[in-house]
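Structural description and commentary
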Amino acid sequence: MNIDHFMPAVVQFVDEFISAQMGQENGPVTEVPLRAKKQRWGTELLFANTPAYTGKILYRKADPDYKGVIQFHQQKDETSYLLWGTCRMRWDAGDGKITEKVVVGPANCAHHIPRGARHSIIAVTDCIFIEASTSHFADRVDVDAEYRA
C-alpha cells in the first residue's frame, strides 16, 4: 500500500503539531489546512484540531523490526478505528501483564484508550486508522522497559 493514495496532494508537512488553533465558538464554515507529521511508524495526517477534539488519519507501515513501545498519555484520551490492514493491539488491563489482540480492518469495533491506559499498536501489514482524541500533543510517556522480561 502506498500512503500517497490516501493522502491529499496538498499537505503541509510539519515537525510538530501545535495546540488547537480553530477554537471559534460560532461563525462560518472554514477550510482547514491539512498538516502531516512523519513518525517512526509512518505518517499522521491532522485534519481537525480544536480545543475540544483532534482528528487524525494514521498510516502505520508494516516493519518487522519495529516492536512498538508500551506507552500511556497523561492527559490525552483517544479512540481509534482500523479502517484498513492488520495490527496487533497490546495493553495492560491493570494487572501488570500485556494482553494482545490481532485486529483486521475494517474492524468490527473501535478501541477507546483512556488517559493513563498503557498500550501499543503494531502494524502487521500496512494500516490506515482514523483517530479521534482530546487535543493534547507531546503527552506520551514511554514505559516499555517495565514490560521487558
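Just above sits the structure.
Here goes a summary of the coordinates provided. Just so it is clear, the model here is predicted, and its values are computed rather than measured.

Procedures and definitions
Residues numbered from 1 in each chain as written. Predicted model: local features only at pLDDT ≥ 70, side-chain atom pairs only at ≥ 80, totals over all residues. Heavy atoms only, no water. Phe/Tyr/Trp six-rings, centres within 6.5 Å; stacked < 30°, edge-to-face > 60°. Lys NZ or Arg CZ within 6 Å of the ring centre and 35° of its normal. Patch = residues over 30% accessible without salt bridge, like charges linked within 9 Å, V, L, I, M, F, W, Y side chains within 5 Å. Areas by Shrake-Rupley, 256 points an atom, 1.4 Å probe, with all protein chains shown as cover. Salt bridge = Lys/Arg side-chain N within 4 Å of Asp/Glu carboxyl O. Helix = DSSP H or I, 4+ residues; strand = E, 2+ residues; numbered from the N terminus. Buried < 20%, exposed > 50% of the residue type's maximum accessible area, 1.4 Å probe, protein only. Disulfide = S-S within 2.5 Å. Lys, Arg positive; Asp, Glu negative; His and termini not counted. Polar contact = N/O pair within 3.5 Å; in protein donor to acceptor, adjacent residues only side chain to side chain. Contact = heavy atoms within 4.5 Å.

Moving on to the packing of aromatic side chains. Applying the stated criterion to the full structure yields 0 aromatic pairs. Positioned above the aromatic ring of tryptophan 41 is the side chain of arginine 60, whose terminal nitrogen or guanidinium carbon lies 4.3 Å from the ring centre. Just above the ring of phenylalanine 129 sits the side chain of arginine 60; from NZ or CZ to the centre is 5.9 Å.

Take a nonpolar patch on the surface next. Taken together, the side chains of Phe47, Leu83, Trp84 and Ile130 make up a nonpolar region of the molecular surface, amounting to roughly 350 Å² of accessible area. Tracing the sequence through the fold places isoleucine 130 in strand E10 (residues 127-133).

So, about the pattern of salt bridges. Under the counting rule described, the total for this entry stands at 7 salt bridges. Of the charged contacts in the structure, one is a salt bridge between aspartate 63 and arginine 40, with a shortest N-O distance of 2.8 Å. With aspartate 63 in the loop between strand E4 (54-60) and strand E5 (71-73) and arginine 40 in the loop between strand E2 (35-39) and strand E3 (42-49), the pair connects residues that are 23 residues apart, well separated along the chain. Note on arginine 40: relative accessible area 45%, which makes it partly exposed.

Inspection of every chain in the model, using the stated rule, returns 0 disulfides. Here cysteine 127 stays free of any disulfide, with the sulfur of cysteine 87 as its closest cysteine sulfur at 5.2 Å. With relative accessibility at 0%, the residue cysteine 127 sits in the buried group.

Right, let's get into the side chain of aspartate 92. Along the chain, the position of aspartate 92 falls in strand E6 (residues 78-92). For aspartate 92, which is buried and forms no salt bridge, the nearest opposite charge comes from arginine 118, at a distance of 5.3 Å. At 3.1 Å, the side chain of aspartate 92 forms a polar contact with the backbone nitrogen of aspartate 95. Among the polar contacts listed, one links the side chain of aspartate 92 to the backbone nitrogen of glycine 96, at a separation of 3.1 Å. With near-sequence residues (within four places) excluded, aspartate 92 lies in contact with Lys97, Ile98, Arg118 and Tyr147.

Further remarks concern the environment of isoleucine 128. Its place among the elements puts isoleucine 128 in strand E10. Residue isoleucine 128 is classed as buried on the basis of its relative accessible area, which comes to 2%. A sequence separation of 69 residues divides isoleucine 128 from tyrosine 59, and the C-alpha atoms of the two residues are 4.7 Å apart.

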